[in-house]
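# Architecture at a glance
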Amino acid sequence: MFLLSQMMIAFGILLQVYNLYRAIRLLSYHKLLTQGNNVKARLLDYVVLCLIILFVVVYVIIFTLQIQSIWIGLILFSGAIFVTVVLAWIYRLVDSEKENCLALSKSLISVIEARDPNLNGHSIHVQELAMLMHSYLPPAMKKQLSRDSLSYAALFHDVGKLGIPESILNKPGKLTDEEWVTMRRHPDIALKILAPVNFFAGMLDWIQYHHERIDGNGYHKMKGDEIPLGARLIAVADTYSAITMTRSYKSSRSYEEAIEIIKGAADSQLDGELVSIFCSIPKEEVTACMTAATKRDF
């Protein structure tokens, strides 16, 4: 009986450690979803996490004390199973939520690209490039940028073009000064579109300021480190994509040409450190982003 009790408690410990791992992952996703705006929800997350940690500690203590009771073993084993089932149910809800976000993403990006043929996969290309850059960032930078947040921000960086007249978006030639004033409003329009959705709260400034320049001559006249890191990274990806993709008013450039142009824009238009990181990525990985973008089902 003692051996059976210890085995059940030991299995319960393993389950609770697994539950702790899943709870931490769930907390990370919920942090992205709420972005700190829902204090009660975040507090509840941490309470659940602390309870699971407490469960693990209690299980270990009881196992170490070697209490010879089959009932205690059964209760602790059942408790671990219950927590596992509850977390599994929560994960199903989270997966459903992710699917809904993805469906919304597909719909919005499809609408944007249908209105502006010049994009032609541009948003997805920028997302692919941003994700590639993120994988090459030094640890200090990675800590500042949630990979999931960056992915959505890069994908939606041009969502504000929904508010730009099609006559401007589809104009084959150069825009007039007045038309450029209208076009430059698209980052602010993006803010108005996405601000009501709590999910985007922590990444709005990355989208709004992705056209800022390091020298301060961008849309909102921000410069240097005043520009959020996420916006600076998206700017590099956006610039490379714009150079290498065919538009109605220009032909595409090669990888080599794009790299030279981007290097020339370092520390004036683009962040010099991020340009160095981007240019250090193997050519085949960068060019593969275009292939991945054209194959994505959006």
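Heads up: the structure comes first, above all this text.
Quick summary incoming for the structure in this document. (Residues numbered from 1 in each chain as written. Predicted model: local features only at pLDDT ≥ 70, side-chain atom pairs only at ≥ 80, totals over all residues. Heavy atoms only, no water.)

## Some remarks on the pattern of salt bridges
- Tallied over the entire structure, the rule returns six salt bridges.
- Here lysine 161 makes a salt bridge to aspartate 158, at a shortest N to O gap of 3.7 Å. Judged on exposure class, the residue lysine 161 and its partner aspartate 158 are both buried.
- Its salt-bridge partner being glutamate 179, residue lysine 171 comes within 2.8 Å of it at the nearest N-O pair.
- For lysine 171, a relative accessible area of 23% puts it in the partly exposed group.
- Since its relative accessible area comes to 18%, glutamate 179 is described here as buried. (Salt bridge = Lys/Arg side-chain N within 4 Å of Asp/Glu carboxyl O. Buried < 20%, exposed > 50% of the residue type's maximum accessible area, 1.4 Å probe, protein only.)

## Let's talk about the side chain of histidine 186
- Mapping histidine 186 onto the fold places it in helix α9 (residues 186–194).
- There is a polar contact of 3.3 Å between the side chain of histidine 186 and the side chain of aspartate 158. (Helix = DSSP H or I, 4+ residues; strand = E, 2+ residues; numbered from the N terminus. Polar contact = N/O pair within 3.5 Å; in protein donor to acceptor, adjacent residues only side chain to side chain.)

## Quick notes on the packing of helix α4 (residues 122–136) against helix α6 (residues 147–155)
- For the pair α4 and α6, the least separation of the axes is 8 Å and the interaxial angle reads 155°. It follows that α4 is roughly antiparallel to α6 by the angle criterion. Judged by the twist between their axes, the crossing of α4 over α6 is right-handed. Side by side, α4 and α6 meet where Ser123, Ile124, Val126, Gln127, Ala130, Met131, His134 and Ser135 of the first sit next to Arg147, Leu150, Ser151, Ala154 and Leu155 of the second.
- The residue inventory of the contact of α4 with α6, partitioned by class, reads seven nonpolar, five polar and one charged. (Axes fitted to C-alpha atoms, helices over the stretch in contact; angles between N-to-C directions. Parallel < 35°, antiparallel > 145°, perpendicular 65-115°, else oblique. Left-handed = near helix turned anticlockwise from the far one by under 90°. Contact = heavy atoms within 4.5 Å. Nonpolar A, V, L, I, M, F, W, Y, C, P; charged D, E, K, R; others polar.)

## A few points about helix α12 (residues 255–264)
- Tyr255, Ala258, Ile259 and Ile262 are the residues of α12 that are buried. Down the axis of α12, the buried side of the element spans an arc of 100°, and every buried residue falls inside it. Among the exposed residues of α12, those oriented more than 90 degrees off its buried face are Glu260 and Gly264. (Arc of directions from axis to C-beta.)

## Thoughts on a nonpolar patch on the surface
- Residues Leu43, Val47, Leu51, Leu54, Phe55 and Val58 make up a contiguous nonpolar surface patch of about 490 Å² in total accessible area.
- As for its position among the elements, leucine 43 is in helix α2 (residues 39–65). (Patch = residues over 30% accessible without salt bridge, like charges linked within 9 Å, V, L, I, M, F, W, Y side chains within 5 Å. Areas by Shrake-Rupley, 256 points an atom, 1.4 Å probe, with all protein chains shown as cover.)

## Description of the nonpolar core
- Residues Phe156, Phe200, Leu233, Tyr240, Leu274, Phe278 and Val286 are the most contacted members of the largest nonpolar core, which totals 50 residues.
- Here this core takes eight residues from helix α11 (residues 229–244), the largest share from any one element.
- With sequence-adjacent residues up to four places away left out, valine 286 is seen in contact with Leu129, Leu132, Tyr240, Tyr255, Phe278 and Ile281. (Core = buried A, V, L, I, M, F, W, Y, C linked by side-chain atoms within 4.5 Å.)

## Some points on the environment of glutamate 285
- Inspection of the secondary structure puts glutamate 285 in helix α14 (residues 283–295).
- Residue classification places glutamate 285 among the partly exposed residues on the basis of a relative accessible area of 29%.
- In sequence terms glutamate 285 and leucine 132 are 153 residues apart; their C-alpha atoms lie 7.9 Å from each other.
- When neighbours within four sequence positions are excluded, glutamate 285 is seen to be in contact with Leu132 and Tyr136.
- At 2.8 Å, the side chain of glutamate 285 forms a polar contact with the side chain of tyrosine 136.

## Considering α11
- Given a rise of 1.5 Å per residue, 16 residues ought to cover 22 Å, and the 23 Å separating the end C-alpha atoms of α11 matches this to within 8%.
- Counting buried residues in α11 gives 15 out of 16 residues, a clear majority hidden from the surface. (Expected span 1.5 Å × (residues − 1).)

## Brief notes about unusual backbone geometry
- The phi angle at lysine 221 is positive, at roughly 60°, despite the residue not being glycine.
- With respect to the helices, strands and loops of the structure, lysine 221 is situated in the loop between α10 (204–208) and α11.
- Accessibility expressed as a relative area gives 56% for lysine 221, which makes it exposed.
- A positive phi is found at aspartate 267, a non-glycine position, where the angle reads about 70°.
- Its location among the elements puts aspartate 267 in the loop between α12 and α13 (272–280).

## Overview of the environment of cysteine 279
- One can find cysteine 279 in helix α13.
- Spatially, the C-alpha atoms of cysteine 279 and methionine 133 are 9.8 Å apart, while their sequence positions differ by 146 residues.
- Ignoring anything within four residues of it in the chain, the contact list for cysteine 279 reads Tyr255, Ile259 and Lys263.

## What about the packing of α6 against α11?
- Close contact between α6 and α11 brings their axes to 10 Å; oriented N to C, the two are set at 50°. By the angle between their axes, α6 is oblique relative to α11. Note on packing geometry: the crossing formed by α6 with α11 is right-handed. Mapping the contact onto sequence places Leu150, Ala153 and Ala154 in α6 and Gly230, Leu233 and Ile234 in α11.
- Grouping the constituent residues of the contact of α6 with α11 by class yields five nonpolar, one polar and no charged.

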